[in-house]
Amino acid sequence: MKTINIAIVGLGFGAEFIPIYQRHPNANMYAICQRNEESLNKIGDLFGIEKRYSNYDELLADPNIDAVHINSPIPNHAEQSLKALRAGKHVACTVPMATTVEECAEIVRTVQETGKKYMMMETVVYSREFLFVKELYENGELGKVQFLKASHQQDMDGWPDYWPGLPPMHYATHCVGPVAGLLRLEAEYVSCFGSGTIRPDLAAIHNSPFAVESAHIKFRDSDLSAHVYRSLFDVARQYRESFEVYGDKKSFEWQLMEHDRPVIHTAKKPEPEIPEQVTVPDYARLLPEPIQRFTTKGVYDADESQHLSFTQGGGHGGSHPHMVHEFLSALVNDRDPFPNAAQSANWTSVGILAHESAMQGGKLIKIPDFKNVLSPDYAG
């Protein structure tokens, strides 16, 4: 059985993944990296990890490391991913892939040149809700899909200092991922409108005034489009990370409040019988037995240890062990993970270009074809 030596970079949210890798049959949780040496040693001692790095470049020079899982702040994602790929390491990186379309293209180009694997660790496409709808779709229960919709609303006051004033669509993969990922669609172009205004001190940071950004996405070689919307500041809303799918036989709608149940609508029933609340099952059965527990439990279960992504994010729908398993399975079997580099670039760029569209009054903007970044005809 092939074993992959994993290094985790960033140990705030990143620490959640340490026990998953430690128990996965194809992983050796080899090294951890964080600039704060006190925190680095505390976590290293807690989990019994001997190899510890406070310098990222020194970690990349370690020839024993096969792959890095990056959980650093958003502004570091592209630079650290590119450094790792060029150092001969496979990369898993938390969302978003990058902060510019050019960085997205450079990561895809480097993956194609080096032959290394890249996976953006998009939680929603491994959540139990997504897996449930995917199962409905693959079993033919939805019928022909006619429309997709997703939202991500969150109050980011109190988060780390790179968040304040961030344009809503610059962190859009949680709602772009599911609408593109269910049918493996590729976004071709986007149009987005801004609505409302945030506090002037926040708006001045990124020159981004909008409280809400609402985008329509047209998919390449498909009759489908999707609607996604985002808010980060100054909008009264409980955390909601939702997606909805409308088919001609059945449709799936997300619940309005956390801890409610989603609704399935079934066509051609008597009107009062069309909607039915459903309980979404857990999908731990799809995972190796040693990591199945992590769909419902993790490092941050204890009240005193809860990360903001858990208190506001509902535990990411049990997705963490599924993402780890997908990444390791792709490396062991020498195949592209899902989402791969080109898909990750497409999803990330939808958000980046949606914000550009909003700043230009809804201008329609084309998404680059990242599959052809090595072609002389590529136009970013």
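Here's a quick rundown of the structure. A quick note: this is a predicted structure, and the numbers were derived from the prediction, not measured.

## Topic: unusual backbone geometry
And then number 1: Geometrically, the link from valine 95 to proline 96 is a cis peptide bond, its omega value of -10° lying close to zero.
And then number 2: Tracing the backbone shows proline 96 in the loop between strand S5 (90–94) and helix H5 (101–114).
And then number 3: A cis amide bond links phenylalanine 338 to the next residue, proline 339, at an omega of 0°.
And then number 4: Tracing the backbone through its elements, the reader meets proline 339 in the loop between helix H10 (320–333) and helix H11 (341–359).
And then number 5: Phi at aspartate 234 is positive, roughly 60°, even though this residue is not glycine.
And then number 6: Of note, aspartate 234 is situated in the loop between strand S10 (225–231) and strand S11 (240–247).

## Re the nonpolar core
And then number 1: In this structure, Tyr21, Val68 and Phe370 are the most contacted members of the largest nonpolar core, which totals 124 residues.
And then number 2: Examining the composition of this core, we find that 9 residues originate from one element, H11, more than from any other.
And then number 3: Contact partners of valine 68, with chain neighbours within four places excluded, come to Ala7, Val9, Tyr56, Leu59, Leu60, Ala84, His90, Val91 and Ala92.

## Digging into the side chain of serine 357
And then number 1: The topology assignment puts serine 357 in helix H11.
And then number 2: For serine 357, the contacting residues outside a window of four places in its chain are Val190, Ser191, Cys192, Gly362, Lys363 and Ile365.

## Some thoughts on the pattern of salt bridges
And then number 1: One pass over the structure, following the stated rule, counts 19 salt bridges.
And then number 2: Close ionic contact of aspartate 45 with arginine 52 constitutes a salt bridge, the shortest N to O distance being 2.7 Å.
And then number 3: A residue is classified by how much of its surface remains accessible, and aspartate 45, at 54% relative accessible area, is exposed.
And then number 4: Owing to a relative accessible area of 27%, arginine 52 belongs among the partly exposed residues under this scheme.
And then number 5: Via salt bridges that share partners, Glu186, Arg220, Asp369 and Lys371 belong to a single interconnected network.

## Description of the sheet that holds strand S8 (residues 187–195)
And then number 1: What the 9 strands build is an open sheet, ordered S14-S13-S12-S11-S7-S10-S9-S8-S15; its pairing is mixed. Two strands close off the open sheet at either side, each with one partner strand: strand S14 (275–277) and strand S15 (365–366).
And then number 2: When S8 meets S15, the two strands line up antiparallel, connected through 2 bridges. Bridge pairing in S15 places tyrosine 189 opposite lysine 366.

## Some remarks on the packing of H5 against H11
And then number 1: Relative to each other, H5 and H11 sit at 175°, their axes nearing to 9 Å. In this view, H5 runs roughly antiparallel relative to H11, as classed from their interaxial angle. Facing Val101, Cys104, Val108 and Val111 of H5, the residues of H11 in contact are Ala341, Ala342, Ala345, Thr348, Ser349, Ile352 and Leu353.

## Quick look at the environment of serine 195
And then number 1: Within the element layout of this structure, serine 195 appears in strand S8.
And then number 2: Between the C-alpha atoms of serine 195 and serine 214, which are 19 residues apart in sequence, the distance is 7.9 Å.

## Examining helix H7 (residues 173–181)
And then number 1: Of all 9 residues in H7, 9 are buried, a share of seventy percent or more.
And then number 2: Listed in full, the buried residues belonging to H7 are Thr173, His174, Cys175, Val176, Gly177, Pro178, Val179, Ala180 and Gly181.

## Points about the pairing of S8
And then number 1: Summarising the sheet, S8 and strand S9 (residues 212–219) pair through 8 bridges and their orientation is antiparallel. Across the sheet, residue alanine 187 finds its bridge partner in S9, namely phenylalanine 219.

## Here we look at the packing of aromatic side chains
And then number 1: By the definition in use, this model includes 11 aromatic pairs.
And then number 2: Taking 4.8 Å as the distance between ring centres and 85° as the angle between the ring planes, the aromatic pair formed by tryptophan 163 and tyrosine 171 counts as edge-to-face.
And then number 3: Assessed through its relative accessible area of 13%, tyrosine 171 is described here as buried.
And then number 4: One aromatic cluster in this structure is built from Phe130, Phe132, Phe243, Phe252 and Trp254.
And then number 5: Here arginine 184 stacks its cationic end above the ring of phenylalanine 338, 3.6 Å away from the centre of that ring.
And then number 6: When the ring centre of phenylalanine 294 is taken as origin, the NZ or CZ atom of arginine 293, which lies over that ring, is 4.6 Å away.

## Some words on the environment of isoleucine 264
And then number 1: Looking at the element boundaries, isoleucine 264 is found in strand S13 (residues 263–266).
And then number 2: Beyond its immediate chain neighbours, meaning those up to four positions away, isoleucine 264 contacts Phe132, Leu136, Lys250, Ser251, Phe252, Ile274, Pro275, Glu276 and Val278.

How each quantity is defined
Residues numbered from 1 in each chain as written. Predicted model: local features only at pLDDT ≥ 70, side-chain atom pairs only at ≥ 80, totals over all residues. Heavy atoms only, no water. Helix = DSSP H or I, 4+ residues; strand = E, 2+ residues; numbered from the N terminus. Core = buried A, V, L, I, M, F, W, Y, C linked by side-chain atoms within 4.5 Å. Buried < 20%, exposed > 50% of the residue type's maximum accessible area, 1.4 Å probe, protein only. Contact = heavy atoms within 4.5 Å. Salt bridge = Lys/Arg side-chain N within 4 Å of Asp/Glu carboxyl O. Pairing = 2+ DSSP bridges. Axes fitted to C-alpha atoms, helices over the stretch in contact; angles between N-to-C directions. Parallel < 35°, antiparallel > 145°, perpendicular 65-115°, else oblique. Phe/Tyr/Trp six-rings, centres within 6.5 Å; stacked < 30°, edge-to-face > 60°. Lys NZ or Arg CZ within 6 Å of the ring centre and 35° of its normal.

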